[in-house]
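Below are the chains, spelled out letter by letter.
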Amino acid sequence: MNDETDGAGYSAANTGLLLVDPYNDFLSEGGKLWPRTAPVAEQVGLLGHMREVLSATRACGIRTLFVPHRRTAPGDYAHWRHLSSSQQATARAQLFAVGSWGGEFHPDFRPVEGEPVVHEHWSASGFANTDLDLLLKQYGISRIVLIGMRVNTCIDTTARFGQELGYHVTLVKGAIGGFGPEELEATFEVNAPTYAHAIVTVDEFVAALPGKPA
């Protein structure tokens, strides 16, 4: 990490952790998408790493914002003119369905008092048609750190959109999951180096937090 991206810049005053789509359907055994998530999750230690990052940021006062995908309800997307393939699949499978266990957050990744849940995003960007940008500005956050799901869709798009809006963007490898190693490679090796200010491991990120040894 260079001077612009070093850990001295992460503080409770200017940094927000964006925890993207921590749904049971993605992250829990029995979830509709867990069979596709599990191989990478087990390979990179996803759940343990997400817990580690969340615990470390909470401990030093960095605010967490939960950035959830739309919880699907019957009739969603009906008569839409331009559904993406992901939206079509979401509608067919009723992913993250309203009122369902799969549409609840994983028990280890639920907000505590003072941690806002951003308006749900309909496609891949946590910024598009939500209040994320407003909340970050109101909290004085200029640096965003992303963990969660899914690497080449909501993580990649939210991070890129954040950079376009002027935020300093960090991706934490090992705390971001996907459906295959090729998805991780597409983001971390091809896409993110063009927009992210820092791509770090969990150990590197935690060590860079206030009060942690360099």
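Description of the structure in this document. (Residues numbered from 1 in each chain as written. Predicted model: local features only at pLDDT ≥ 70, side-chain atom pairs only at ≥ 80, totals over all residues. Heavy atoms only, no water.)

## Focus on the side chain of His-106
Here comes step 1: Mapping His-106 onto the fold places it in the loop between α4 (85-93) and α5 (132-138).
Here comes step 2: Excluding residues within four positions of it along the chain, His-106 makes contact with Pro-22, Tyr-23, Asn-24, Leu-27, Ser-28, Leu-47 and Arg-51. (Helix = DSSP H or I, 4+ residues; strand = E, 2+ residues; numbered from the N terminus. Contact = heavy atoms within 4.5 Å.)

## What to know about the side chain of Thr-37
Here comes step 1: Relative to the assigned elements, Thr-37 resides in helix α2 (residues 34-44).
Here comes step 2: Take Thr-37: its relative accessible area is 0%, and that puts it in the buried class.
Here comes step 3: With residues up to four places along the chain from it excluded, the contact list for Thr-37 reads Phe-26, Leu-46, Met-149, Gly-178 and Phe-179. (Buried < 20%, exposed > 50% of the residue type's maximum accessible area, 1.4 Å probe, protein only.)

## Describing α2
Helical periodicity: at 3.6 residues per turn, an α-helix aligns residues three or four positions apart in one direction.
Here comes step 1: Among all positions in α2, only Trp-34, Thr-37, Ala-38, Val-40, Ala-41 and Val-44 are buried.
Here comes step 2: Summarising the contacts, the buried residues of α2 are in contact with α1 (24-27), α3 (46-59), β4 (168-176) and α7 (181-191).
Here comes step 3: Among the residues trailing α2, Gly-45 stands out with phi positive, at a value near 70°.

## Comments concerning the layout of surface pockets
Here comes step 1: Estimated volume of the largest pocket: approximately 360 Å³.
Here comes step 2: Lining the largest pocket are 20 residues, and of these Ser-86, Thr-90, Leu-95, Arg-150 and Thr-153 sit closest to its centre.
Here comes step 3: The set of elements that each furnish at least two residues to the lining of the largest pocket consists of α4 and α6 (151-164).
Here comes step 4: Its residues assigned to classes, the lining of the largest pocket shows 10 nonpolar, 8 polar and 2 charged. (1 Å grid on protein atoms, 1.4 Å probe; cavity = no way out; pocket = protein on both sides within 12 Å on 5 of 7 lines; lining within 4 Å. Points joined across faces, edges and corners; volume = space filled by probe spheres on them. Nonpolar A, V, L, I, M, F, W, Y, C, P; charged D, E, K, R; others polar.)

## Some remarks on the pattern of salt bridges
Here comes step 1: In the structure shown here, the tally under the stated rule is 8 salt bridges.
Here comes step 2: The shortest N-O distance in the salt bridge between Asp-133 and Lys-137 comes to 2.6 Å. With a gap of 4 residues between them, Asp-133 and Lys-137 both fall in helix α5, about one helical turn apart.
Here comes step 3: Take Asp-133: its relative accessible area is 21%, and that puts it in the partly exposed class. (Salt bridge = Lys/Arg side-chain N within 4 Å of Asp/Glu carboxyl O.)

## Structural notes on the nonpolar core
The tendency in soluble globular proteins is for nonpolar side chains to be buried as a group.
Here comes step 1: Ranked by internal contacts, the top residues of the largest apolar core, which has 63 residues, are Leu-18, Leu-136, Ile-144, Leu-146, Leu-171 and Val-172.
Here comes step 2: Ranked by residues supplied to this core, first place goes to α3 with 6 residues.
Here comes step 3: Contact partners of Leu-171, with chain neighbours within four places excluded, come to Leu-146, Ile-155, Ala-159, Ile-176, Thr-187, Phe-188, Ala-192, Tyr-195, Ala-198, Ile-199 and Val-200. (Core = buried A, V, L, I, M, F, W, Y, C linked by side-chain atoms within 4.5 Å.)

## Regarding unusual backbone geometry
Here comes step 1: Here the residue pair Met-149 and Arg-150 is connected by a cis peptide bond, since its omega of -10° sits within 30 degrees of zero.
Here comes step 2: Tracing the sequence through the fold places Arg-150 in the loop between β3 (143-148) and α6.
Here comes step 3: Residues other than glycine seldom take positive phi values, yet Gln-94 does so here, at roughly 50°.
Here comes step 4: In this structure, Gln-94 sits in the loop between α4 and α5.
Here comes step 5: For Phe-96, which is not glycine, the phi dihedral falls at a positive 50°.
Here comes step 6: Within the fold, Phe-96 resides in the loop between α4 and α5.

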